[in-house]
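# Architecture and fold: a report
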Amino acid sequence: MRRLLAGFAVSVVLASATTACGSSTKDDTAKSGGTTSVKVGVIPIIDVAPIYLGKEKGFFTKQGIDLTLESGQGGAAIVPGVVSGQFQFGFSNVTSLMLAQSKGVPLKGVANGVNSTGKQGADFGALVVKKDSPIKSAKDLAGKKVSVNTLNNIGDTTTRESVRKAGGDAASVKFVELPFPQMPAALEAGQVDAAWVVEPTLSVIRSKGGRAIASPFVDTSPGLTVALYFTSTKLAQENPGLVKRFRTAMNESLKYADAHPDEVRQVLSTYTKIDAATAKSLTLPTWPQEPNRASLATLAKLAQKDKLLTTAPDLDRLLP
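### A few points about the side chain of Gln-101
Within the secondary structure, Gln-101 is located in helix H5 (residues 94–102). Here Asp-314 takes part through its backbone nitrogen, which lies 2.9 Å from a polar atom of the side chain of Gln-101. Not counting chain neighbours up to four residues away, the residues in contact with Gln-101 comprise Pro-313, Asp-314, Arg-317 and Leu-318.

Quick look at the structure:
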């Protein structure tokens with residue numbers, strides 16, 4: 001935990017030193033032909049389909065935003081980029097944002113990101129094992145290796161809650177950090193016993209015969225808000241107009257994605273390697289325009305219980 005928080009601080013300091021070489025955080029200095037150039041740090045997973053769809057549909061252009069999307073491995077890597085000004089906005093799971101806030105990292109939620117379906121066995125995230133694994137439920141993960149995309153984060157917390165609810169020893173689970181695209185091969189090779197995944201990796205593993213043994217987001221809190229779009233407090237204070245325009249475009253994108261699942265499946269091929277056949281079978285998350293505050297309070301309490309957080313986060317300051 002100390003290593004993670006220290007990493008946040010060091011990353012932010014180092015990234016801040018390069019701000020002069022990155023994109024300006026000021027709307028006025030980035031204008032060209034009445035538009036503002038904006039870079040957003042995202043993760044190449046199904047969660048961010050709305051922002052790609054919104055760009056395609058012209059929702060950001062309508063708000064005078066020339067949008068560029070850049071991929072990162074996880075929220076913990078995107079946070080320093082936003083604070084430094086490398087990105088004007090970023091997408092991150094809420095645990096990464098809570099951890100950053102607890103360390104005094106200056107950031108602010110701007111728009112909702114993605115929510116669980118709230119349906120056990122039919123969510124966009126799951127704990128999975130390979131076809132011939134002897135593991136039958138989350139209880140059996142005690143003492144086993146489970147891959148997550150970022151250590152000491154939302155994957156750990158939600159996995160432990162699934163293990164607890166199944167009656168297992170959550171403290172004995174061993175976590176291994178791997179990028180989502182590497183998890184199917186690691187699972188097949190026996191390098192890990194189970195994988196904490198979201199779509200499209202979930203469907204990739206299922207196509208190889210893998211089995212879902214738990215829905216960790218649902219076990220944590222029905223309708224869990226998993227992630228947010230956020231910015232630095234510096235940009236929020238200096239350029240509230242840009243933040244408002246981004247939020248407006250993002251909310252329109254979320255609403256459109258929730259109402260047009262077929263178009264969501266189609267846009268996936270533009271930023272992931274998933275094929276059309278697999279895209280048709282994906283379990284989509286939900287994209288409400290407002291975060292589920294109660295679910296975030298639950299997630300925060302669990303993060304404190306697991307010693308990821310030492311104090312409760314200030315949700316009033318964090319949420320949009």
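### Some thoughts on empty space enclosed by the protein
The full count for this structure, using the stated rule, is 1 cavity of 30 Å³ or more. Each pocket or cavity is described by its volume, and for the largest cavity that value is around 110 Å³. The wall of the largest cavity is formed by 13 residues, among which Ile-45, Asp-47, Asn-93, Asn-149 and Trp-196 lie closest to the centre. Mapped onto the lining of the largest cavity, the elements with two or more residues apiece are strand E4 (89–93), strand E9 (194–198) and strand E11 (225–232).

### As for the packing of H5 against helix H14 (residues 293–305)
H14 packs onto H5 with a crossing angle of 65° between their chain directions and a minimal axis gap of 11 Å. The interaxial crossing formed by H5 with H14 has right-handed handedness. Of the residues in H14, those touching H5 at Val-94, Thr-95 and Met-98 are Leu-296, Leu-299 and Ala-300. Here the contact of H5 with H14 is built from residues that sort into 5 nonpolar, 1 polar and no charged.

### What to know about H5
Judged by how many residues are buried, H5 sits mostly within the fold: 8 of 9 residues are covered. Among the residues of H5, Val-94, Thr-95, Ser-96, Leu-97, Met-98, Leu-99, Ala-100 and Gln-101 are the ones counted as buried. Measuring from the side-chain oxygen of the N-cap residue of H5 to the backbone nitrogen of Thr-95 gives 3.0 Å; that N-cap residue is Asn-93. Where H5 terminates, the next one or two residues include Gly-104, which has phi positive at roughly 85°.

### A word on the pattern of salt bridges
Tallied over the entire structure, the rule returns 7 salt bridges. The partner of Glu-263 in a salt bridge is Lys-57, and the shortest N-O contact between them spans 2.9 Å. Here Glu-263, found in helix H12 (residues 261–267), pairs with Lys-57, found in helix H2 (residues 49–57); they are 206 residues apart in sequence, far enough to count as distant. A relative accessible area of 36% places Lys-57 in the partly exposed class. Residues Arg-293 and Asp-316 are paired through a salt bridge, measuring 2.9 Å at the closest nitrogen-oxygen approach. Remark: Asp-316 occurs in helix H15 (residues 315–318) and Arg-293 occurs in helix H14; sequence separation between them is 23 residues. Looking at Arg-293, the relative accessible area reads 40%, which means it is partly exposed.

### Side note on the pairing of strand E2 (residues 35–42)
Here is the key point about a regular strand: its side chains alternate between the two faces of the sheet. Pairing geometry for E2 and strand E3 (residues 65–71), over 7 bridges, is parallel. Opposite Val-38, over in E3, you have Leu-67 as the bridge partner. Bridge count for E2 against E4 is 2 bridges, and the pairing is parallel. Within E4, the residue paired with Gly-41 across the bridge is Gly-90.

Reading the values: the criteria
- Residues numbered from 1 in each chain as written.
- Predicted model: local features only at pLDDT ≥ 70, side-chain atom pairs only at ≥ 80, totals over all residues.
- Heavy atoms only, no water.
- Helix = DSSP H or I, 4+ residues; strand = E, 2+ residues; numbered from the N terminus.
- Polar contact = N/O pair within 3.5 Å; in protein donor to acceptor, adjacent residues only side chain to side chain.
- Contact = heavy atoms within 4.5 Å.
- 1 Å grid on protein atoms, 1.4 Å probe; cavity = no way out; pocket = protein on both sides within 12 Å on 5 of 7 lines; lining within 4 Å.
- Points joined across faces, edges and corners; volume = space filled by probe spheres on them.
- Axes fitted to C-alpha atoms, helices over the stretch in contact; angles between N-to-C directions.
- Left-handed = near helix turned anticlockwise from the far one by under 90°.
- Nonpolar A, V, L, I, M, F, W, Y, C, P; charged D, E, K, R; others polar.
- Buried < 20%, exposed > 50% of the residue type's maximum accessible area, 1.4 Å probe, protein only.
- Salt bridge = Lys/Arg side-chain N within 4 Å of Asp/Glu carboxyl O.
- Pairing = 2+ DSSP bridges.

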